[in-house]
Amino acid sequence: MPAPTLTPALFAFLRNLKKNNTAEWFKDHTADYERHVKAPLLAFIEALQPQMAKISPRLRVVPKAVGGSLQ
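Residues numbered from 1 in each chain as written. Predicted model: local features only at pLDDT ≥ 70, side-chain atom pairs only at ≥ 80, totals over all residues. Heavy atoms only, no water.

Before going further, it helps to examine the confidence of the model for the protein chain. Mean pLDDT over the protein chain works out to 90, with 94% of the residues at or above the 70 mark. Looking across the protein chain, the model is least confident in helix α3 (residues 30-55), with a mean pLDDT of 92, and most confident in helix α2 (residues 23-28), with 98. (pLDDT = per-residue confidence, 0-100. Helix = DSSP H or I, 4+ residues; strand = E, 2+ residues; numbered from the N terminus.)

Structure (structure tokens):
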């Protein structure tokens, strides 16, 4: 079974972002965002893709950060 993509670190990052919602804080924590939020959510979207295709071919699930389902 694959490792879960949505971990406590993702939610911890989002809580910290809520408390420190400034460009400076985010700039200092971009690596954490990439590792704990962006990458796991893209993996989740990618894993979701086959299941969504079974539901309807019209549902587009695109695992891309720009121009995809993450936006």
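This brings us to the packing of aromatic side chains. Counted according to the given criterion, the structure contains four aromatic pairs. Considering the side-chain rings of F13 and W25, the 5.5 Å spacing of their centres and the 45 degrees angle between planes classify their relative orientation as tilted. One end of the pair, F13, is in helix α1 (residues 8-19); the other, W25, is in helix α2, with twelve residues separating them in the sequence. Like F13, the residue W25 is buried in the burial classification. Ring geometry for F26 and Y33: centres 5.3 Å apart, planes at 55 degrees, overall tilted. Residue classification places Y33 among the partly exposed residues on the basis of a relative accessible area of 23%. Grouped by ring-pair contacts, the aromatic residues F13, W25, F26 and Y33 constitute a single cluster. (Phe/Tyr/Trp six-rings, centres within 6.5 Å; stacked < 30°, edge-to-face > 60°. Buried < 20%, exposed > 50% of the residue type's maximum accessible area, 1.4 Å probe, protein only.)

For the rest of this paragraph, the subject is the environment of V61. Position of V61 relative to the elements: it lies in the segment after α3. Given the relative accessible area of 11%, V61 is considered buried. Taking the C-alpha atoms as reference points, V61 and Q51, separated by ten residues in sequence, lie 9.7 Å from one another. Leave out the neighbours within four places in its chain, and V61 touches I45, Q49, M52 and S69. (Contact = heavy atoms within 4.5 Å.)

Moving on: a nonpolar patch on the surface. Side chains of L6, F11, L14, F44 and L48 sit close together on the surface and give an oily, nonpolar patch of about 400 Å² of accessible area. Secondary structure elements with two or more residues in the nonpolar patch: α1 and α3. With a relative accessible area of 30%, L48 lands in the partly exposed category. (Patch = residues over 30% accessible without salt bridge, like charges linked within 9 Å, V, L, I, M, F, W, Y side chains within 5 Å. Areas by Shrake-Rupley, 256 points an atom, 1.4 Å probe, with all protein chains shown as cover. Salt bridge = Lys/Arg side-chain N within 4 Å of Asp/Glu carboxyl O.)

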